[in-house]
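Structural overview for review
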Amino acid sequence: MKQPVEIAPAQGRLGVLLVGMGAVSTTFIAGTLLVRKGLAPPTGSLAEMGTVRLGKRSEGRSPLIKDFVPLTALGDLVFGVWDIFEENGYEAAKTAGVLDESMLEQIRPELEAIRPMPAVFDQRYVKRLMGTNIKTGANKLELAERVRADIRDFKEAHHLDRLVMIWCGSTEIFMTPSDVHGSITRFEEAMASNSDEISSSMVYAYAALKEGIPYANAAPNLSADIPALDRLALDNGSPVAGKDLKTGQTLIKTIVAPGLKARLLGVSGWYSTNILGNRDGEVLDDPESFKTKEESKKSVLDYIFQPDLYPTLYSDLCHVVRINYYPPRGDNKEGWDNIDLVGWLGYPMQLKINFLCRDSILAAPIVLDLVLFLDLAKRAGMSGVQEWLSFYFKSPVHAPGLYPEHDLFIQLMKLKNTLRFMRGEELITHLGLEYYD
Ligand SMILES: NC(=O)c1ccc[n+]([C@@H]2O[C@H](COP(=O)([O-])OP(=O)(O)OC[C@H]3O[C@@H](n4cnc5c(N)ncnc54)[C@H](O)[C@@H]3O)[C@@H](O)[C@H]2O)c1
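Below: a short report on this structure. Treat the numbers as computed from the prediction; the structure is a model and nothing was measured. (Residues numbered from 1 in each chain as written. Predicted model: local features only at pLDDT ≥ 70, side-chain atom pairs only at ≥ 80, totals over all residues. Heavy atoms only, no water.)

**Considerations on the overall build of the protein**
Within the protein, the regular secondary structure consists of 16 helices and 11 strands. Taking 22 Å as the expected radius of gyration for a compact globule of 437 residues, we find that the protein reaches 22 Å, a close match to that expectation. Each principal axis of the C-alpha atoms in the protein carries an extent, and together these give about 65 × 50 × 50 Å. In the protein, which comprises 437 residues, the proportion classed as buried is 55%. Excluding contacts between residues fewer than 6 apart, the proportion of contacts in the protein whose partners are at least 24 apart in sequence is 76%. Total accessible area on the protein is roughly 18,800 Å²; 54% of this is exposed by carbon and sulfur atoms. Charge-centre separation for the protein: the mean point of 47 positive side chains lies 3 Å from the mean point of 56 negative side chains. (Helix = DSSP H or I, 4+ residues; strand = E, 2+ residues; numbered from the N terminus. Rg over C-alpha atoms; globule rule 2.2 N^0.38 Å. Buried < 20%, exposed > 50% of the residue type's maximum accessible area, 1.4 Å probe, protein only. Contact = heavy atoms within 4.5 Å. Areas by Shrake-Rupley, 256 points an atom, 1.4 Å probe, with all protein chains shown as cover. Lys, Arg positive; Asp, Glu negative; His and termini not counted. Charge placed at Lys NZ, Arg CZ, Asp CG, Glu CD.)

Here you go:
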């Protein structure tokens, strides 16, 4: 047994601050309320349902993760939100149209009590949206100060011990890191001068990190993944994770692709298309927001297939991703994948996948796990990029100079080994020679 990491106990209440109260946020909040009343199971949540094997296979030790590491109890979560719309949690969940009304009725008073704080919003970054519940301020630094004041007021009003912030807002336009993102000083100067290089999500991320609370980005846009905010996260002891939740089609892609590669099957083409009719789909109908999503969705295969190491199998891969806004489907996304495979002696084969999924049903347990694990990381004294949470993201944030790990199974091993490491347990390598000594 190695020395365990010191982890502060999960005492008291944990505030969950969500930016954006749309389909993902309301499905997560409503689901957590239902689970804690015992009205539904937390299906899809590794933190709540997963186990972790400890020691040798012959030892029979596989506790639940939530019994192995000290996670905050669901009953101690308190929800706070910002949104540009004034609807309360119940109305917003009805607008999102993900959960049945009969389910929502069972938690109606709790949902109605969740009222969005005025948002930091600029249509420059999300072209297809406009609302009225918006903060005003002389510049972006002042807006960040208002968000910080919201955070402190929320903490005091609800007698909270700790907080976590997750960006569940709309996908912002495609941006790349620039000079003003290079250091905290330049970033703050840019905020004070209202630079276009500072998006709304960056204002929230900055506010969270200044308050020393963990921050995750559920969307693909550039947010805390810039050098200035990396530095701030390390200086203030904030764990950070992102970005873009790995749910429908990309989840399946990162399950199937490692299997094909493991068998050295070539792939000459991978055509992915989706129809989606929720508000997210409407926002992504704008080319600038779609570009952000497309970049995030396309990168996974390059890293999994490693065409530089396997040029014969993957260097000519034609990878196409399309998202079409189709209102009749609402949140029920349909994804089609056509994969053109190449086998022994170059013989072609095809694989077709038709996934009729529910976007926010897949996303909600991920948000729950991120809340619980980021809070754990904070109590364990971890700060900056949490690569072990890559498991949850399409575009995992990573240290400069490293390539991101996209293979779902490697990501899961990394996550569980991190938990073992925290508790001073042996890491599992799957070598297994000891069983045959
Ligand atoms: N559902 C999924 O499976 C999934 C997967 C990966 C990523 N995402 C991303 O998660 C995000 C949320 O998805 P969703 O389906 O809930 O979308 P949604 O459109 O239903 O909700 C987004 C909410 O964010 C609000 N918002 C936008 N900008 C804001 C701002 N500056 N401040 C406060 N609120 C703001 C909007 O008003 C809206 O209510 C999107 O960016 C989406 O791309 C979702």
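Here the narrative resumes, following the displayed structure.
**A word on the packing of aromatic side chains**
A complete count under the given rule lists 10 aromatic pairs for this structure. Between Trp270 and Phe305 the ring centres are 6.4 Å apart and the planes differ by 45°, which places this aromatic pair in the tilted class. Here the residue Trp270 occupies a position in strand 7 (residues 266-276), and Phe305 occupies one in helix 13 (residues 287-305), the gap between them amounting to 35 residues. Seen from their ring centres, Tyr303 and Tyr403 are 6.3 Å apart, and the 10° between their planes marks the pair as stacked. (Phe/Tyr/Trp six-rings, centres within 6.5 Å; stacked < 30°, edge-to-face > 60°.)

**Let's talk about the pattern of salt bridges**
Applying the stated rule across the entire model yields 24 salt bridges. Across the salt bridge formed by Lys66 and Glu48, the nearest N and O atoms sit 3.4 Å from each other. Note that Lys66 is positioned in helix 3 (residues 65-68) and Glu48 in helix 2 (residues 46-49), a separation of 18 residues in sequence. Residue classification places Lys66 among the partly exposed residues on the basis of a relative accessible area of 36%. Measuring nitrogen to oxygen at the nearest pair gives 3.7 Å for the salt bridge that ties Asp179 to Arg186. For Asp179, a relative accessible area of 58% puts it in the exposed group. The partly exposed category is assigned to Arg186, whose relative accessible area is 36%. Connected through salt bridges with shared partners, the residues Glu145, Arg148, Arg152 and Glu211 form a single ionic network. (Salt bridge = Lys/Arg side-chain N within 4 Å of Asp/Glu carboxyl O.)

**Topic: unusual backbone geometry**
The phi torsion of most residues other than glycine is negative, and most of the peptide bonds are trans. The linkage connecting Gly242 with the following residue, Lys243, adopts the cis geometry, with an omega of -10°. Locating Lys243 in the fold gives a position in the loop between strand 6 (239-242) and helix 11 (248-262). A positive phi angle is found at Leu264, which is not glycine, with a value near 55°. Tracing the backbone shows Leu264 in the loop between helix 11 and strand 7.

**Observations concerning the pairing of strand 10 (residues 348-356)**
Two elements, strand 9 (residues 334-342) and strand 10, share nine bridges in a ladder whose sense is antiparallel. Residue pairing across strands places Val342 opposite Pro348, the latter belonging to strand 10. From the end of strand 9 to the start of strand 10, which pair antiparallel, there are five residues, and Leu345 there has a positive phi angle of about 65°. (Pairing = 2+ DSSP bridges.)

**Side note on the sheet that holds strand 8 (residues 318-325)**
One open sheet holds the four strands; their spatial order is 8-7-9-10, and the pairing between them is mixed. Because the sheet does not close on itself, it has two edges, and the strands there are strand 8 and strand 10. Ignoring which end each strand starts from, the neighbouring axes of this sheet average 10° apart. Sheet analysis places strand 7 next to strand 9, joined by nine bridges and oriented antiparallel. (Axes fitted to C-alpha atoms, helices over the stretch in contact; angles between N-to-C directions.)

**Side note on the site of the ligand**
Taken together, 33 residues sit near the ligand, with Val24, Asp83, Val120, Gly169 and Thr171 positioned nearest. Taking Ala23, its main chain carries an N or O atom lying 2.9 Å from an oxygen atom of the ligand. Thr171 places a polar side-chain atom, nitrogen or oxygen, 2.9 Å from an oxygen atom of the ligand. When the ligand sits alone it has 840 Å² of accessible area, and the protein chains cover 98% of it. (Near = heavy atom within 4 Å. Polar contact = N/O pair within 3.5 Å; in protein donor to acceptor, adjacent residues only side chain to side chain.)

**Digging into the environment of Ala92**
Assignment of secondary structure puts Ala92 in helix 4 (residues 89-96). By relative accessible area, which is 4% here, Ala92 ends up buried. Separated by 330 residues in sequence, Ala92 and Met422 place their C-alpha atoms 38 Å apart. For Ala92, the residues in contact, after removing those within four places along its chain, are Met21, Thr26 and Glu87.

**So, the nonpolar core**
Ranked by size, the top nonpolar core spans 63 residues in total, and within it Phe28, Ile166, Phe373, Tyr392 and Leu419 carry the most contacts. Ranked by residues supplied to this core, first place goes to helix 15 (residues 359-379) with 12 residues. Contacts of Tyr392, omitting those with residues within four sequence positions, involve Leu46, Asp244, Leu245, Lys246, Ile366, Asp369, Leu370, Phe373 and Leu415. Judged by nonpolar contacts, the second largest core, of 48 residues, contains Val120, Leu143, Ala207 and Ile226. (Core = buried A, V, L, I, M, F, W, Y, C linked by side-chain atoms within 4.5 Å.)

**Observations regarding the sheet that holds strand 3 (residues 117-118)**
Read from one edge to the other, the open sheet built from seven strands follows the order 3-2-1-4-5-6-11, with strand pairing classed as parallel. On the outer flanks of this sheet lie strand 3 and strand 11 (384-385), each paired with one strand and no other. By the bridge criterion, two bridges tie strand 6 to strand 11 in an arrangement that is parallel. The partner of Pro239 across the bridge, within strand 11, is Gly384. Helix 15 contacts strand 1 (14-19), strand 2 (77-83), strand 4 (162-167), strand 5 (215-217) and strand 6 of the sheet and is inclined by roughly 135° relative to strand 4.

The values are spatial; any link to function lies outside them.
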